[in-house]
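One-letter residues, chain by chain:
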Amino acid sequence: MIQLTFSLLVGFALLVILYFFVRGGKVSAEGSAQQLREARQTLDSLQFSLLPNDLVHRIFAKEDLEYVRRAAPSQVQSLFLSERKDISLAWVRRVRGAILGLMRFHRGHARLYAQLNLSTELLLAFNFVRLLTVCRLLEIALYVRGPYAAPGMVRTVAVAAGKVCTISEKSLVFLKANQIDPLRNDPSRHGASV
Amino acid sequence: MAFSTNYTNVDQAADDLRRRSLAHMAAPLERMIYLGSTRDYNTGLYYHDGLASRFSEMVACQALANCHREAYQQVLQSSIEDLVRQLDSYIQSTNSAPRDFIAAWKNLQPYRVAVPAETDPLAAEFLCSNFKIALSIWEAHQHDRSRQPLDASPPQ
């Protein structure tokens, strides 16, 4: 009997804590318009920091390598490979930086929204981790074996980065510009989503 | 550069610019260099007397900026082979001595200032890297061309 009473009291106490937790969450979920506007601007700038697909394709285009091998002396071929290596490393570091920024941003601003979907959040977390790992592996491959070492991984990173951005945007749909600032609702700005 | 200009006028001015001044420039590289040169480096504003007299200074500025970005994107999307071809055509159009041109472009790197404002730094760096490579290839080809008549001449 004592055990039953004790269990009921603990259960009731947990319910009370849960009630205040949920109530507290609702209050912070409202967020200020200023916070939401800043969050939207951060998301926009993160998406903009990823290069468009056609430019990524241009950086890793095999036709340039073939042309340089065919038409240029050996010292120019070395210059070409070294220049492309620098650019490709800068690109993969930027994608990694953007993903880390998006992850931090997501953690920081998702609390502004009370109705987050658990499965979307888990999918997003999985994609963040997978993408960061692939980015690091690609960085090593580009550094060791040059810019044309892993075309498959480049495609994977480009596609996965775009996917993460889309999922993140869907998850944070409450930051849609038309709900905050109609002047900033320009879909053409999102063309740069790798 | 945030003007509240009438978009229809800007489009008309840009079309006018494409039909008149830019129609004589076949290569995007030529257009990019020309449009970059119409910009005041102190203010970042573009000037074109003819266009400004037909429209307004602000509309002309916006139209020039739009065409500049367009040409820049085209150069950015060019393959190295195409860029070498454009460079060759541009050098011929300037009537300057190839050796002087190469020396000036390698030292001064004028293509760096021909990049439009507010462009992605990595994309701009990629463009400059492509120019460096294309210049080296063009120089190597030039060197080969200048050696060919000597090699072809009969031994004395």
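Observations concerning the overall build of chain A
Right, on to step 1. Within chain A, the regular secondary structure consists of 8 helices and 0 strands.
Right, on to step 2. Sorting the 194 residues of chain A into buried and exposed places 25% on the buried side.
Right, on to step 3. Expressed as a percentage of contacts within chain A between residues at least 6 apart in sequence, the contacts between residues at least 24 apart total 84%.

Some words on the overall build of chain B
Right, on to step 1. Tallying secondary structure elements over chain B gives 7 helices and 0 strands in all.
Right, on to step 2. Reading the helices (α) and strands (β) of chain B from amino to carboxyl end gives α-α-α-α-α-α-α.
Right, on to step 3. Within the span of chain B, comprising 156 residues, buried residues form 34% of the whole.
Right, on to step 4. Expressed as a percentage of contacts within chain B between residues at least 6 apart in sequence, the contacts between residues at least 24 apart total 77%.

Here's the deal with helix α6 (residues 118-145) of chain A
Right, on to step 1. Counted at 1.5 Å a residue, the expected span for α6 of chain A with its 28 residues is 40 Å, and the 40 Å between its end C-alpha atoms agrees.
Right, on to step 2. Every buried residue of α6 of chain A is accounted for by Leu124, Phe128, Leu131, Val134, Cys135, Leu138 and Leu142 of chain A.

Topic: the interface of chain B and chain A
Right, on to step 1. Counting from both sides, the interface comprises 16 residues of chain B and, opposite them, 21 residues of chain A.
Right, on to step 2. Elements supplying a minimum of two residues to the side of chain B that touches chain A: α5 (80-94) and α7 (121-152) of chain B.
Right, on to step 3. Per-element tally for the side of chain B that touches chain A: the top contributor is α7 of chain B, with 10 residues.
Right, on to step 4. When grouped by side-chain class, the residues that make up the side of chain B that touches chain A number 8 nonpolar, 4 polar and 4 charged.

Observations concerning unusual backbone geometry
Residue and element names in this part refer to chain B.
Right, on to step 1. Positive phi, normally seen in glycine, also occurs at Gln109, with a value near 50°.
Right, on to step 2. By secondary structure assignment, the location of Gln109 is in the loop between α6 (98-108) and α7.
Right, on to step 3. For Glu118, which is not glycine, the phi torsion reads 60° and is therefore positive.
Right, on to step 4. One can find Glu118 in the loop between α6 and α7.

A look at the environment of Ile91 of chain B
All names here are of chain B.
Right, on to step 1. Here Ile91 shows up in helix α5.
Right, on to step 2. Note on Ile91: 17 C-beta atoms within 10 Å, which makes it partly exposed.
Right, on to step 3. Here Ile91 is in contact with Ser96, Pro98 and Phe101, once residues within four sequence places are set aside.

Here's the deal with the packing of helix α2 (residues 28-37) of chain B against helix α4 (residues 57-76) of chain B
Residues and elements named next belong to chain B.
Right, on to step 1. Between α2 and α4, the shortest axis-to-axis distance is 8 Å and the interhelical angle comes to 145°. As for how α2 packs across α4, the hand of that crossing is left-handed. Contacts between α2 and α4 involve Pro28, Leu29, Arg31, Met32, Leu35 and Gly36 on the former and, on the latter, Leu64, Cys67, His68, Ala71, Tyr72, Gln74 and Val75.
Right, on to step 2. Residue composition of the contact of α2 with α4, by class: 9 nonpolar, 3 polar and 1 charged.

Some remarks on the confidence of the model for chain B
Right, on to step 1. Scored by pLDDT, chain B has a mean of 88; 90% of the residues are at 70 or more.
Right, on to step 2. Scoring of the predicted complex yields 0.75 for pTM and 0.83 for ipTM.

Points about the environment of Asp49 of chain B
Right, on to step 1. Following the sequence through the fold, Asp49 of chain B ends up in helix α3 (residues 49-54).
Right, on to step 2. Expressed as a C-alpha distance, the spacing of Asp49 of chain B and Ala60 of chain B, which sit 11 residues apart in the sequence, is 8.6 Å.

Basis of the calculations
- Residues numbered from 1 in each chain as written.
- Chains lettered and ligands numbered in written order.
- Predicted model: local features only at pLDDT ≥ 70, side-chain atom pairs only at ≥ 80, totals over all residues.
- Helix = DSSP H or I, 4+ residues; strand = E, 2+ residues; numbered from the N terminus.
- Buried ≥ 20, exposed ≤ 12 C-beta atoms within 10 Å, placed from the backbone.
- Contact = placed C-beta atoms within 7 Å.
- Expected span 1.5 Å × (residues − 1).
- Nonpolar A, V, L, I, M, F, W, Y, C, P; charged D, E, K, R; others polar.
- Axes fitted to C-alpha atoms, helices over the stretch in contact; angles between N-to-C directions.
- Left-handed = near helix turned anticlockwise from the far one by under 90°.
- pLDDT = per-residue confidence, 0-100.

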